[in-house]
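# Structural overview for review
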Amino acid sequence: MPPFIRVSGLSKSYGGVHALKRVCMDIAKGEIHALCGENGAGKSTLIKSLTGVVIPEEGTISIDGKPLPPGNVQASEAAGIAVIHQESTAFPSLNTLDNIFVGREPFTAGGLFLDKARMRGEATKMLKRLGQNFDIDCPVIELSVAQRQMVAMARALSQKCEFLILDEPTASLSAKETDSLLAIVRQLRNEGVTILYVSHRLEEIFEIADRVTVLRDGERVDTQSVANLNRSALIFLMVGRELEELTQRHEHAGEPGEVRLEVLGLTNPGVFENIDLRIQAGEIVGLAGLVGAGRSEIARAIFGLDRYSKGKVKVNGQMLTGGSVKQAMSAGLSLVPEDRQHEGLILPMSVGANLSMAVLGKLTNRGLVDPRLERDLVEKLMSDLLIKAASQEFPAETLSGGNQQKLVIGKWIAAKPQVLILDEPTRGVDIAAKAQVHRLIRNLASKGLATLIISSDMNEVLSISDRIIVMREGRISGEIRGREATRELVLDLALPQEKEVLA
Amino acid sequence: MNFMSRLLRQREYGLTAVILIIGASVAFIDTGFLAAGNLKDLIIRCAPTAIVACGVMLVVLTGEIDISVGSLMALLAALMGMMISETRMEISMWLGLPATLLLGTLVGAFTGALVTLGKVPSIIVTLGLLTALRGLTTLIMGGNNIDGLPDGLGQMTKYGVLGMPISVWTAIAVIIVTGVIITKTALGRRLFAVGSSRYSAKMVGLNETRLKLFAFAYTGFLTGLATVVDVPRLPKIEAGIGIGFELLVITCVVVGGVSISGGRGKLRGVLLAVLLMTMIRPALTFMDVGESGEKWTRAIQGMFILLAVITDSIVQRRRKRRLHDL
């Protein structure tokens, strides 16, 4: 039987850089085929070629034996190819109904007007098939990320999709949402849909995929049955070398020092309650829990971005009054926010300007920024953090994902904090970059920085933390020492408990 | 949803309330405000603004802007006058008026082409055209006003049919057509979609260029239409026609609740805003503020823009907060 999707000799380059080099791959009908590779390995370009957004320079794609015209979005859709992106591409101000149908709306008999009744009926049917039940007239900007993904999925299904591409679908989902998404993906496969599954989360690939294709630097490295691989073998294929840091448990170097951050009874009713934290110099504390458990909110409250109704925050023994970022920063606290692309970096600005942004006030001389002071600071940070950039004049957007990540952290390190809070420091970053960021965090800790890491990536929390604090529904449900922690222990504390029967 | 948040979120409710309050207060001072003749006059004043606002609204929905309609109206009025005036070329108005509409559409399409194909931001393109078209008009008219338009046209535009000038009937037709485009056709949906997210629109294969070209060309056409049905009411055509008209139209679109970044807005809101903006001047007349009426009109219209923008930002902030709570 010929393969359902056949990609042969696909090449594409951007300004002399090869994104894809003569890539060949086959996908069988009805399989879940995973696609792996580091950032920049060519996954996105391959997907864009399949969906007709990008015109490849060489090579062909055929679906069910028929050649697919290159660079034609409509033709790809008509052939039954649909894609769901990581940051679900949606029209935020349109409602669910329009999001599902825009671009291929059904018409009434006359061919002039929209067939609203049919749109409504089909949308309801699709969402039901996905086990969803929410208001389809509400603008999707008011839906949760998981719900938006379901809207994208419903769109794909309603166009009689036979080949569904999922591009990092779980990047912003909680563990529970991820599970239900994976269940839906399996259900679709059983209904005969062929699936290409792209994810950085390797455990998902082992859980769900039949076969996996690995790309590295634009070339196909291998295609293997998942059953023949284990985690480290897959990582080896992706990176081309073993990554010991990721498999090894971190052991704290020395004895922790004095208390840097102390939080007592912090409460914001309905969001988090009665939070106690103590972090010592040189300590890395992981804050684990499901998305929505209130972790980011605590970080924001400590940093003074949000107010809280009760409790105390002490940084270096200095009591903060709350609600003042300026005070928190001058006491030695820094927060690296979660939404880096929007809040963390100004992409068109230079590497240097991004790094010095948080401390510009200290680099001035009679009211003007002193270029020499700035250059010295930036140079030091770049070498400390091993940021790879052609020069500090280059725009931040030209850097790789991992280096951008280091840039964000560097921006806050510039303020020489004694307590650093990192919210999801490696979300959406490939494995090698993740390892670099982890090495950086450890390095900073060994120099006495007290660090609080919020992460939804269980492996990250387990491998980097000296201590793990787990939250459940706005409260601390337990604390585990780093070397005693296991996935099971953390999950048990994070997942909602069955309601106890009242006696 | 409680009353306050509905008032904030649904612009139509707020606008209706403000219109009623102003109407009632002015009528309380002088019941003449509600006399049939005065209301009719108000509707006639609304007509050209409503016609052009229908086009500019579509442009703003796609995330672009057009601030050149006032100057375009002047240019089209001048060209129309040159063609059909008995003292000028004396072309039949059955040829001259369609030609005016065609010219309007062409200028609109040209604007759209500069924005989409030329990749120049629409605020810059139309700012340039605002000045250039006005200059061209002055050049063409050479310092002389144009009079001597055909009598029939003057009659139609002044007194019209069934008791209303044709500008009012035209406005009603344009409103219906635009409403149908927005709510019932795929074209309308796609205009919203492009304004909501250009990236997503590209991913689903929408033709951004064609959609935006349509919106600009439609605006040009409607500006022509407004010129043809409204300008001949005036005793003569001057080079200063339509000064400030573009700002009035944009004001109506923004105050009417259309998001200036595109993707969101309702025709009903825009029409209510047209009514509100147009009634300020006569309301002031009835309140006897005397000579300074014109100056106050502008100040009050400006205040409504600020009010609209502030409500918008409050709504956005509330929405964000609600998302944060999820």
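For clarity, every value in this text was computed on a predicted model and none was experimentally measured. (Residues numbered from 1 in each chain as written. Chains lettered and ligands numbered in written order. Predicted model: local features only at pLDDT ≥ 70, side-chain atom pairs only at ≥ 80, totals over all residues. Heavy atoms only, no water.)

This paragraph deals with the overall build of chain B. Looking only at helices and strands, chain B features 14 helices and zero strands. Across chain B, helices and strands are ordered from the amino to the carboxyl terminus as α-α-α-α-α-α-α-α-α-α-α-α-α-α. For 326 residues, the compact-globule estimate of 2.2 N^0.38 gives 20 Å, and the C-alpha radius of gyration of chain B, at 20 Å, lies within 12% of that figure. When its C-alpha atoms are laid out on the principal axes, chain B stretches across 70 × 55 × 35 Å. (Helix = DSSP H or I, 4+ residues; strand = E, 2+ residues; numbered from the N terminus. Rg over C-alpha atoms; globule rule 2.2 N^0.38 Å.)

Moving on to the overall build of chain A. Each helix and strand counted, chain A has 18 helices and 22 strands in total. Its C-alpha radius of gyration of 25 Å places chain A within 12% of the 23 Å reference for a compact globule of 503 residues. Principal-axis analysis of the C-alpha atoms places the extent of chain A at approximately 70 × 65 × 50 Å. Restricting the contact set of chain A to residue pairs at least 6 apart, pairs at least 24 apart contribute 65%. Roughly 22,600 Å² of accessible area belongs to chain A as shown, and the carbon and sulfur atoms make up 50% of that amount. The average position of the 59 basic charges and that of the 63 acidic charges among the side chains of chain A differ by 2 Å. (Contact = heavy atoms within 4.5 Å. Areas by Shrake-Rupley, 256 points an atom, 1.4 Å probe, with all protein chains shown as cover. Lys, Arg positive; Asp, Glu negative; His and termini not counted. Charge placed at Lys NZ, Arg CZ, Asp CG, Glu CD.)

Our focus in this paragraph is the pattern of salt bridges. Residues and elements named next belong to chain A. In total, this model carries 27 salt bridges over all chains according to the counting rule given. Between R118 and E122 there is a salt bridge, and its shortest N-O distance comes to 3.4 Å. With R118 and E122 both in helix α4 (residues 116–129), this residue pair falls four residues apart, about one helical turn. Under the relative-accessibility criterion, R118 is labelled partly exposed at 43%. (Salt bridge = Lys/Arg side-chain N within 4 Å of Asp/Glu carboxyl O. Buried < 20%, exposed > 50% of the residue type's maximum accessible area, 1.4 Å probe, protein only.)

Taking 1.5 Å per residue as the helical rise, helix α5 (residues 93–116) of chain B with its 24 residues ought to reach 34 Å, and the 34 Å between its terminal C-alpha atoms agrees with that figure. Of the surrounding secondary structure, the elements contacted by the buried residues of α5 of chain B are α4 (69–84), α6 (122–141), α7 (151–158) and α11 (208–230) of chain B. (Expected span 1.5 Å × (residues − 1).)

All names here are of chain B. Remark: helix α3 (residues 36–61) packs on α11, axes separated minimally by 8 Å, with the N-to-C direction vectors making an angle of 175°. Considering their axes alone, α3 and α11 lie roughly antiparallel with respect to each other. Across from P48, I51, V52, C54, G55, V56, L58 and V59 in α3, the residues of α11 making contact are F214, A215, F216, Y218, T219, L222, T223, L225, A226, V229 and D230. (Axes fitted to C-alpha atoms, helices over the stretch in contact; angles between N-to-C directions. Parallel < 35°, antiparallel > 145°, perpendicular 65-115°, else oblique.)

Our focus in this paragraph is the sheet that holds strand β16 (residues 333–336) of chain A. Residues and elements named next belong to chain A. The strand order across the open sheet built from six strands is β16-β19-β20-β13-β21-β22, with neighbouring strands paired in mixed fashion. Only two strands of the sheet have a single partner each, and these edge strands are β16 and β22 (475–481). Across the sheet, the mean angle from the axis of one strand to that of its neighbour is 20°, orientation sign disregarded. The pairing of strand β19 (residues 419–423) with strand β20 (residues 450–454) spans five bridges and is classified as parallel. For L420, the partnering residue across the bridge sits in β20 and is T451. Sitting on the sheet, helix α16 (residues 431–446) touches β13 (284–289), β19 and β20, and the angle it makes with β13 is about 135°. Sheet contacts for helix α18 (residues 487–494): β13, β21 (467–472) and β22; angle to β21, the most-contacted strand, approximately 30°. (Pairing = 2+ DSSP bridges.)

Residue and element names in this part refer to chain A. The phi dihedral of N274 is positive, around 55°, even though this residue is not glycine. Residue placement: N274 occurs in strand β12 (residues 272–280). Positive phi is not limited to glycine here, since E424 has a value of about 50°. Its place among the elements puts E424 in the loop between β19 and α16.

Looking now at the packing of α5 of chain B against α11 of chain B. Residue and element names in this part refer to chain B. The contact between α5 and α11 brings their axes to 7 Å, and the two run at 150°. With respect to their mutual orientation, α5 and α11 come out roughly antiparallel. As for how α5 packs across α11, the hand of that crossing is right-handed. Side by side, α5 and α11 meet where L97, T100, L101, G104, T105, G108, A109, T111, G112, A113, V115 and T116 of the first sit next to T209, K212, L213, F216, A217, G220, F221, G224, L225 and V228 of the second. The residue makeup of the contact of α5 with α11, split by class, is eleven nonpolar, ten polar and one charged. (Left-handed = near helix turned anticlockwise from the far one by under 90°. Nonpolar A, V, L, I, M, F, W, Y, C, P; charged D, E, K, R; others polar.)

By a widespread convention, an interface's size corresponds to the accessible area lost as its parts come together. Residues and elements named next belong to chain A. Taken domain by domain, chain A consists of domain 1 (5–244) and domain 2 (259–494). Between domain 1 and domain 2, the contact holds 15 residues from the first and eleven residues from the second. The contact between domain 1 and domain 2 buries some 1,100 Å² in all, and 61% of this surface belongs to carbon and sulfur atoms. Across the domain 1-domain 2 interface, the total number found is zero residue pairs in polar contact (both at pLDDT 80 or more). Mapped onto the side of domain 1 that touches domain 2, the elements with two or more residues apiece are α7 (202–208) and α8 (231–239). Among the elements that take part in the side of domain 1 that touches domain 2, α8 stands out by supplying four residues, more than any other. When the residues that make up the side of domain 1 that touches domain 2 are grouped by side-chain class, the tally is eight nonpolar, four polar and three charged. (Domains from an automatic or database assignment. Buried area = accessible area lost by both parts, 1.4 Å probe. Polar contact = N/O pair within 3.5 Å; in protein donor to acceptor, adjacent residues only side chain to side chain.)

In this section: the confidence of the model for chain B. Residues with a pLDDT of 70 or more make up 94% of chain B, whose mean pLDDT is 90. Taken element by element, chain B is modelled with least confidence in helix α1 (residues 3–9) of chain B, mean pLDDT 63, and with most confidence in α11 of chain B, mean pLDDT 97. (pLDDT = per-residue confidence, 0-100.)

Residues and elements named next belong to chain B. Summarising the element assignment, S68 is placed in the loop between α3 and α4. Residue classification places S68 among the buried positions, given a relative accessible area of 3%. Ignoring anything within four residues of it in the chain, the contact list for S68 reads T126, L129, L130, L133 and E246.

Across the boundary between the two partners, chain B contributes 27 residues, which contact 29 residues of chain A. Here chain B meets chain A over a buried area of about 2,400 Å², counting both sides, of which 60% is carbon and sulfur. Here chain B is connected to chain A by two salt bridges. Taken together, chain B and chain A are joined by seven residue pairs in polar contact (both at pLDDT 80 or more). Elements supplying a minimum of two residues to the side of chain B that touches chain A: α8 (166–184), α9 (186–196), α10 (198–203) and α14 (293–325) of chain B. The element contributing the most residues to the side of chain B that touches chain A is α9 of chain B, with six residues. Its residues placed into classes, the side of chain B that touches chain A shows eleven nonpolar, eight polar and eight charged.

All names here are of chain A. The strand order across the open sheet formed by four strands is β12-β11-β14-β15, and the pairing between neighbours is antiparallel. Either end of the sheet is taken by a strand with one partner, and the two such strands are β12 and β15 (318–319). Pairing of strand β11 (residues 259–268) with β12, which is carried by six bridges, proceeds in the antiparallel orientation. Looking across to β12, one finds that L266 is bridged to I275.

This part is about the packing of aromatic side chains. One pass over the full model with this rule turns up two aromatic pairs over all chains. Arranged with centres 5.5 Å apart and planes meeting at 75°, the rings of F33 of chain B and F286 of chain B form a pair that is edge-to-face. In this pair, F33 of chain B is assigned in the loop between α2 (11–29) and α3 and F286 of chain B in helix α13 (residues 267–286), connecting sequence segments 253 residues apart. Ring centres of F214 of chain B and Y218 of chain B lie 5.4 Å apart, and the angle between their planes is 15°; on these two criteria the pair is classed as stacked. Of the two residues, F214 of chain B and Y218 of chain B are both situated in helix α11; the distance of four residues between them amounts to about one turn of the helix. Y218 of chain B sits in the buried class, given a relative accessible area of 11%. Directly above the aromatic system of F4 of chain A lies the positively charged group of K29 of chain A, at a separation of 4.1 Å from the ring centroid. (Phe/Tyr/Trp six-rings, centres within 6.5 Å; stacked < 30°, edge-to-face > 60°. Lys NZ or Arg CZ within 6 Å of the ring centre and 35° of its normal.)

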